[in-house]
Amino acid sequence: MAAEKNTHAAPTAKDMKDIVALCKRRGFIFAASDIYGGLNGFWDYGPLGVELKNNLRDRWWRDMVVTPPIGPDGQPIEIVGLDSAIIQNPKCWEASGHVGGFNDPMVDCKESKKRYRADHLIVLSPNDGQGPWLAFDKEASADEIAQRLKKHARGRPESDYTRGQLDKTPVADFPKIIGPDAKEPGTLTEPRQFNMMFHSYAGAAAGEENKVYLRPETCAGIFLNFKNVLDSSRVRVPFGIAQIGKAFRNEVTPRNFIFRSREFEQMELEWFCHQDDVPMWFDFWVEQRKKFWESVGLPLNHLHFYDTPKADLAHYSARTIDFEYQFPFSGDGFDELEGIAHRGNFDLTQHQEFSKAKLEYMDPTDNTKRYLPHVIEPSAGLSRGVLALLCEAYTPDPNRPSGVYLNFTPAMAPKKAAILPLTAKEEHAAPATNLYLELREDFAVDLDIKQNIGKRYARQDEIGTPFCFTIDDQTNADQTVTVRERNTMAQERISLDKVHEYLRVKMKA
Ligand code: ATP
């Protein structure tokens, strides 16, 4: 099924509204606190969304921790799992640089009262110097940009302008810039630092001494437990520690549905290795992660691998490759899904210094050799992964009643099959219920008895169920059922006692 997906184009900007609507209509994703009008940057996963998210999460965990890949030397590599607390000793965030440095340059708009990340704003400056400059979010769609040009520059084409970034624009030019939500130029303030970590107080007293932070990334808990894991298990360098969990960032401009949220989930691996082996392991992980995304249904030609230029690297990173996906709102470009970074031994060095704990690794073959291992970190967004799968799967099709189907791979589909008796009569419903009871032991399946069969197929298409088994009069006569395949809508009859095996084989595809 994955090969077939290469033929369908990545969804366009126009589809995003439809994708969001389908997610709500069919119970994938709802705005958090929906009945209170929502809360910007927070989302709830409904009955099907949580299944989809769990499928992606479980596949990552399986591929990393349960059955880690075979290494470059032909031997299986070692990775162990971890589930660390969201709130850690606040010193951890001083050591990691988040208290002092998780600061992004912010600009406020005096007119709209909105706040933006300066490195997220693009500025269009007119090549001929005539007329105002326009600022907009780097994730703004082509449509939004065209609308702004129409409003403020009488529809001049974008080719009349040069694109730049606000954080690279001299403050002296700010008076010429019209902010993203402003009518007049000159309302953006100078960039100022703003810390994106949510904080709270542990215990009854709300004083500075009790101040704690919600983790902005899951990896810190891994570094804090590096020694515990080494001392309590048999792993030896090179090895990895993997963790999946929630992370929180007080994003200034949450946008694009669940893409940039304030609460989200990450799937992170810290791979500890000797400095000399970094290039080999870096390439190894880039290849492994490509295989992963392809196996869950993202064709490589919808991904872009961005080798971050040296000047743009995070202070601790010697090399970073971003895996970017062509989201519907990415215009002609791509947006980040996962980053693979060589973090050097920055984190262990910092935590060793701040905690005074000895974190050096002793080479088991030569106890005079002690060192802080280097780290390769494939850090993926689980929430962004879910969004990429939804966008990729979304396939408009005017030839079917639902007008659309979700082309999930069988392994990612929230429901693997639906059992549909042709009518609610006992002679159809009873064998359907029996089949359902048998299949649900091993697969997430739906038994759907009500409504006409066309409507039920349409519902299953919209939620991406790859197979429907229909029980009709012939079932009682010759013990066969109809299988309808979601993408082709082709139907064939198979023996009732082969259904379980049929599904088992398809799930591996
Ligand atoms: P961006 O540049 O988009 O803000 P980042 O480079 O800060 O992302 P990392 O710190 O590398 O992101 O985090 C690793 C992964 O976590 C990202 O690739 C992304 O998938 C996910 N992620 C980061 N921030 C968010 C967010 N606000 N909402 C959802 N997922 C996020």
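Quantities reported herein were computed from a predicted structural model and do not represent experimental measurements. (Residues numbered from 1 in each chain as written. Predicted model: local features only at pLDDT ≥ 70, side-chain atom pairs only at ≥ 80, totals over all residues. Heavy atoms only, no water.)

A. Focus on the site of the ligand. Taken together, 14 residues form the shell around the ligand, and within it R249, E251, S261, E336 and L337 come nearest. Here R260 contributes a side-chain N or O atom positioned 2.9 Å from an oxygen atom of the ligand. Starting from 590 Å² of accessible surface for the ligand in isolation, the protein chains cover 83%. The set of elements that each furnish at least two residues to the shell around the ligand consists of β14 (263-273), β17 (335-344) and β20 (374-381). Sorting elements by how many residues they give to the shell around the ligand places β17 first, with four residues. Classifying every residue of the shell around the ligand gives three nonpolar, five polar and six charged. (Near = heavy atom within 4 Å. Polar contact = N/O pair within 3.5 Å; in protein donor to acceptor, adjacent residues only side chain to side chain. Areas by Shrake-Rupley, 256 points an atom, 1.4 Å probe, with all protein chains shown as cover. Helix = DSSP H or I, 4+ residues; strand = E, 2+ residues; numbered from the N terminus. Nonpolar A, V, L, I, M, F, W, Y, C, P; charged D, E, K, R; others polar.)

B. How the structure looks around the nonpolar core. Counting residues in hydrophobic clusters, the biggest one holds 59 residues, and the most contacted among them are F28, W285 and W293. Looking at which domains feed residues into this core, each of domain 1 (69-101 + 199-393) and domain 3 (400-507) gives three or more. What W293 contacts, discounting residues up to four positions off in sequence, is L56, M267, L298, L303, F323, L337, E338, A380, G381 and G385. (Core = buried A, V, L, I, M, F, W, Y, C linked by side-chain atoms within 4.5 Å. Buried < 20%, exposed > 50% of the residue type's maximum accessible area, 1.4 Å probe, protein only. Domains from an automatic or database assignment. Contact = heavy atoms within 4.5 Å.)

C. Structural view of the sheet that holds strand β8 (residues 161-165). An order of β8-β6-β7-β9 is seen for the four strands of this open sheet, with the pairing classed as mixed. For this open sheet the edge positions go to β8 and β9 (177-178), each flanked by a neighbour on one side alone. Across five bridges, strand β6 (residues 121-126) lies against β8 in antiparallel orientation. Looking across to β8, one finds that L124 is bridged to R163. Most of the contacts of helix α6 (residues 142-153) go to strand β7 (residues 133-137), to which it runs at about 155 degrees, and overall it touches β6, β7, β8 and β9. (Pairing = 2+ DSSP bridges. Axes fitted to C-alpha atoms, helices over the stretch in contact; angles between N-to-C directions.)

D. Structural detail: the packing of aromatic side chains. Applying the stated criterion across every chain yields a total of 20 aromatic pairs. Each ring, one from W43 and one from F257, has its centre 4.9 Å from the other, and the planes form 85 degrees; the classification is edge-to-face. Taken together, the residues span a long stretch of sequence, with W43 in strand β2 (residues 43-45) and F257 in the loop between β13 (239-248) and β14 at a distance of 214 residues. Judged by relative accessible area, W43 falls into the partly exposed class, the value being 27%. Ring centres of F284 and W285 lie 5.1 Å apart, and the angle between their planes is 80 degrees; this geometry places the pair in the edge-to-face category. For the pair F284 and W285, a shared accessibility class is recorded, and that class is buried. Put simply, the rings of F223, F226, F239 and F272 pair up and form one aromatic cluster. Positioned above the aromatic ring of Y45 is the side chain of K53, whose terminal nitrogen or guanidinium carbon lies 4.6 Å from the ring centre. Stacked on the ring of F259, the Lys or Arg R384 has its end atom at 3.7 Å from the ring centre. (Phe/Tyr/Trp six-rings, centres within 6.5 Å; stacked < 30°, edge-to-face > 60°. Lys NZ or Arg CZ within 6 Å of the ring centre and 35° of its normal.)

E. Here's a closer look at the pattern of salt bridges. By the definition in use, this model includes 35 salt bridges. Between D63 and R62 there is a salt bridge, with the nearest N and O atoms lying 3.3 Å from each other. What makes D63 partly exposed here is its relative accessible area of 22%. Residue classification places R62 among the partly exposed residues on the basis of a relative accessible area of 41%. For the salt bridge of R163 with E158, the shortest nitrogen-to-oxygen distance reads 2.9 Å. Of the residues examined, R163 reaches a relative accessible area of 46% and is grouped as partly exposed. (Salt bridge = Lys/Arg side-chain N within 4 Å of Asp/Glu carboxyl O.)

F. Inspection of the confidence of the model for the protein at higher detail. Taken as a whole, the protein shows an average pLDDT of 93; of its residues, 96% reach a score of 70 or greater. Contacts of residues 1-7 to residues separated by more than four positions or lying in other chains number 16 contacts, the stretch itself having pLDDT below 50. (pLDDT = per-residue confidence, 0-100.)

G. Geometry of helix α9 (residues 278-295). The terminal C-alpha atoms of α9 lie 26 Å apart, and with 18 residues this matches the ideal 26 Å at 1.5 Å per residue to within 8%. By the burial criterion, the buried members of α9 are V278, W281, F282, F284, W285, V286, Q288, R289, F292 and W293. At the C-terminal side of α9, G297 shows a positive phi close to 115 degrees. (Expected span 1.5 Å × (residues − 1).)

H. Highlighting the side chain of R484. Note that R484 resides in strand β26 (residues 480-485). Within the structure, R484 has its side chain in polar contact with the side chain of D461 (distance 3.0 Å). Excluding residues within four positions of it along the chain, R484 makes contact with R400, Y457, D461, P466, F467, C468, M489, A490 and Q491.

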